[in-house]
Amino acid sequence: MRTIITTVFFTLIMAMAAVAGAADVKLASVDVQKVLVLSNAGKEAKEQLALKAGKYENEKNAKEEELKKLKADLEKQSVLLSETARNAKEKDYQQKLKEYQRFLKDAQDDLQAKNDEYTNKIVEDIVKVIQEYGRKNSYSFIFVKNDSMIYTDDKSDLTDEILKIFNEAKKK
């Protein structure tokens, strides 16, 4: 459905461009995802997420070891312990397991939220660079290059140029 809407949209724009006089219309595309991934800001965000994920991974491993130890102790001692003591140890293990599962969900949610935050901020900055570039260079339309675009001429792809400008802008 989305592809059909996009195709209709592009057809409408091309028809408008033909009516307006094709000589006056400049069209281009930018692969925003490529700029996001290859930009210095994108790489830095990825590194920060990897560091945070590494910290969570270390904490996860420590919690897993604690759970394994508790489980092993419970299995070793279960025949020796009274029913009350065994139930207390099982309850303690179940509580730790719930805390571990909650930790995993919270860590995943936090990483996703940070990823979304970084991505949205960088994409917002990329869009500003594209808009400024379009104004300065008298473009009528600059499209986001995506899978629904059936064909774009390589000469109309501004991705590398926008990436260069974006990296330079972020240095300042």
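About the cut-offs
Residues numbered from 1 in each chain as written. Predicted model: local features only at pLDDT ≥ 70, side-chain atom pairs only at ≥ 80, totals over all residues. Heavy atoms only, no water. Helix = DSSP H or I, 4+ residues; strand = E, 2+ residues; numbered from the N terminus. Expected span 1.5 Å × (residues − 1). Buried < 20%, exposed > 50% of the residue type's maximum accessible area, 1.4 Å probe, protein only. Contact = heavy atoms within 4.5 Å. Salt bridge = Lys/Arg side-chain N within 4 Å of Asp/Glu carboxyl O.

Visitor: Can you walk me through helix H3 (residues 40-77) in this structure?
Guide: Three or four residues apart is the spacing at which side chains of an α-helix point the same way, because the helix has 3.6 residues per turn. The end-to-end C-alpha distance of H3 is 55 Å, a good match for the 56 Å that 38 residues give at a rise of 1.5 Å each. Turning to H3, its buried residues are Ala41, Gly42, Ala45, Leu49, Lys60, Leu67 and Leu74. The elements touched by buried residues of H3 are helix H2 (32-38), helix H4 (83-136) and helix H5 (159-171).

Visitor: Got a minute to help me understand the pattern of salt bridges in this structure?
Guide: Where side chains of opposite charge bring their charged atoms close, a pairing between them can arise. If you walk through the whole model with that rule in mind, you get 16 salt bridges. Lys69 is paired through a salt bridge with Asp73; the nearest N and O atoms lie 3.5 Å apart. Of the two residues, Lys69 and Asp73 are both situated in helix H3; the distance of 4 residues between them amounts to about one turn of the helix. Each of Glu57, Lys60 and Glu64 takes part in one network of salt bridges that share partners.

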